[in-house]
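So the chains spell out like this:
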Amino acid sequence: MESIFHEKQEGSLCAQHCLNNLLQGEYFSPVELSSVAHQLDEEERMRMAEGGVTSEDYCTGFFSIQVISNALKVWGLELILFNSPEYQRLRINPINERSFICNYKEFWFTVRKLGKQWFNLNSLLTGPELVSDTYLALFLAQLQQEGYSVFVVKGDLPDCEADQLLQMIRAQQMHRPKPIGEELAQLKEQRVHKTDLERVLEANDGSAMLDEDEEDLQRALALSCQEIDMEDEEADLRRAIQLSTNLTSEEPWKRREAYFEKHPAQVLENK
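Rules behind the numbers
- Residues numbered from 1 in each chain as written.
- Predicted model: local features only at pLDDT ≥ 70, side-chain atom pairs only at ≥ 80, totals over all residues.
- Heavy atoms only, no water.
- UniProt positions renumbered as here; feature names shortened; annotations may be inferred.
- Helix = DSSP H or I, 4+ residues; strand = E, 2+ residues; numbered from the N terminus.
- Buried < 20%, exposed > 50% of the residue type's maximum accessible area, 1.4 Å probe, protein only.
- Contact = heavy atoms within 4.5 Å.
- Areas by Shrake-Rupley, 256 points an atom, 1.4 Å probe, with all protein chains shown as cover.
- Phe/Tyr/Trp six-rings, centres within 6.5 Å; stacked < 30°, edge-to-face > 60°.
- pLDDT = per-residue confidence, 0-100.
- Core = buried A, V, L, I, M, F, W, Y, C linked by side-chain atoms within 4.5 Å.
- Arc of directions from axis to C-beta.
- Patch = residues over 30% accessible without salt bridge, like charges linked within 9 Å, V, L, I, M, F, W, Y side chains within 5 Å.
- Salt bridge = Lys/Arg side-chain N within 4 Å of Asp/Glu carboxyl O.
- Pairing = 2+ DSSP bridges.
- Axes fitted to C-alpha atoms, helices over the stretch in contact; angles between N-to-C directions.

Looking up the protein chain in an unreviewed UniProt entry gives the name ubiquitinyl hydrolase 1, with the organism given as Macaca mulatta. On record in UniProt, under Catalytic activity (unreviewed entry), the comment for the protein chain is "Thiol-dependent hydrolysis of ester, thioester, amide, peptide and isopeptide bonds formed by the C-terminal Gly of ubiquitin (a 76-residue protein attached to proteins as an intracellular targeting signal)." Its UniProt record, at the heading Subcellular location (unreviewed entry), says of the protein chain: "Nucleus".

See below:
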């Protein structure tokens, strides 16, 4: 899925990321979107605020919807509310559309078909998320239950490399992408574990060199400190097998106990 264009979240630029991920390229910058916003004349703004500052449309980001709509008009694209009576009467299966834009308050993201497959291009994810045809309708319904407004994008999207490639080759995804914040938290935790391990190793600088068996065990203990997030049981099993190969299959517990007897202080510190 390397051919898929996916902008990750930077600051509060979700509208830019949403549009660029939809169009599959760097089509809009913050300056260009600001220019689109300024093109909405004062009469339009006054019309939105006719009900006063407490007007529902004004307070729920109706202006932001207009900015997105105006930006897409440049490419001959139109937004239609997915759950509107007019659209629902058409009884179109979501998988027969080409793309959706989802909005909650001031956050925007794109769900788009590339080739023959659907992808969640949310900028808060570390990468594109594959969405099956059977799950798409449920996914959109779930978003609406959570308060999102879902819009169908009508019109011809510009050609892109990912769409052409995925027409010929289906994408496969072993693991779902993580939210960006979760990935950063895991990296931070891994750095903490690494620092603790380095502190243990520094404490042994003045000791005699470990024999071959003890070195194997120490490598196994070091690997056990690393937090490698494997999302399925098969991956966990593969990791367990990998770690076990650092010890011979003969009398592993006797060798572990012998190591602990020689280095009681280090074992306590690891705990």
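**Looking at the overall build of the protein chain**
Regarding its fold elements, the protein chain presents 13 helices and six strands. When each of the 271 residues of the protein chain is scored for burial, the buried share is 36%. Intrachain contacts of the protein chain at a sequence separation of at least 6 include 65% that bridge at least 24 residues. Element-wise, carbon and sulfur atoms account for 52% of the exposed surface of the protein chain, whose accessible area totals about 17,200 Å².

**Focus: the packing of aromatic side chains**
Inspection of the entire model under this criterion finds nine aromatic pairs. For the ring pair Phe 100 and Trp 118, a centre distance of 5.5 Å and an interplane angle of 35° mean the geometry is tilted. In this pair, Phe 100 is assigned in strand S2 (residues 99-104) and Trp 118 in strand S4 (residues 117-120), connecting sequence segments 18 residues apart. Here the aromatic cluster, defined as three or more aromatic residues joined through ring pairs, consists of Phe 82, Tyr 87, Phe 100 and Trp 118.

**With respect to the environment of Trp 75**
Mapped onto the secondary structure, Trp 75 falls in the loop between helix H5 (62-73) and strand S1 (78-81). You can call Trp 75 partly exposed: its relative accessible area is 34%. Put simply, Trp 75 and Leu 23 are 52 residues apart on the chain and 9.3 Å apart in space, counted from C-alpha to C-alpha. Other than its neighbours up to four places away in sequence, Trp 75 contacts Leu 23, Tyr 27, Phe 28, Asp 156 and Pro 158.

**Here we look at the confidence of the model for the protein chain**
The share of residues in the protein chain with pLDDT of 70 or more is 59%, and the mean pLDDT across the chain is 77. Confidence, expressed as mean pLDDT per element, reaches its minimum in the protein chain at helix H4 (residues 56-59) with 43 and its maximum at S4 with 98. The model gives residues 53-63 a pLDDT under 50, and that stretch makes 13 contacts with residues more than four places away or in other chains. Counting interchain partners and residues more than four positions distant, the pLDDT-below-50 stretch residues 266-271 has eight contacts.

**Side note on the nonpolar core**
Phe 100, Ile 101 and Trp 108 are the most contacted members of the largest nonpolar core, which has 39 residues in total. For this core, the secondary structure elements donating two or more residues are helix H1 (14-23), helix H2 (30-39), H5, S2, strand S3 (107-114), helix H7 (133-145) and strand S6 (149-154). Considering each element in turn, this core owes the most residues, six residues, to H1. Beyond its immediate stretch of four places on either side in the chain, Phe 100 contacts Phe 82, Pro 94, Phe 109, Thr 110, Val 111, Trp 118, Leu 136, Leu 140, Val 150, Phe 151, Val 152 and Val 153.

**Things to note about H2**
If you check which residues of H2 are buried, you get Leu 33, Val 36 and Ala 37. Projected down its long axis, H2 carries its buried residues within an arc of 100°, all on one side. Exposed residues pointing more than 90 degrees away from the buried face of H2 are listed as Val 31, His 38 and Gln 39.

**Regarding a nonpolar patch on the surface**
A cluster of nonpolar side chains, contributed by Leu 165, Met 168 and Ile 169, occupies part of the molecular surface with about 320 Å² of accessible area. Inspection of the secondary structure assignment puts Met 168 in helix H8 (residues 161-168).

**Observations concerning the sheet that holds S6**
Spatial ordering of the open sheet is given by S1-S6-S2-S3-S4-S5, a layout of six strands whose pairing is antiparallel. The open sheet is flanked by S1 and strand S5 (129-131), the only strands paired with a single partner. Direction aside, the axes of adjacent strands within the sheet are offset by 30° on average. Bridge count between S4 and S5: three bridges; the pairing is antiparallel. Bridging across to S5, Phe 119 finds its partner in Leu 130.

**Concerning H7**
Every buried residue belonging to H7 is among Leu 136, Phe 139, Leu 140 and Leu 143, and all of these are buried. The buried residues of H7 occupy an angular sector of 95° when projected down its axis, which confines them to one face. Within H7, the exposed residues directed more than 90 degrees away from the buried face are Thr 134, Leu 138 and Gln 145. Turning to H7, the residues buried within the fold contact S2, S3, S4, S5 and S6. Following H7 by one or two positions, Gly 147 adopts a phi angle in the positive range, close to 105°.

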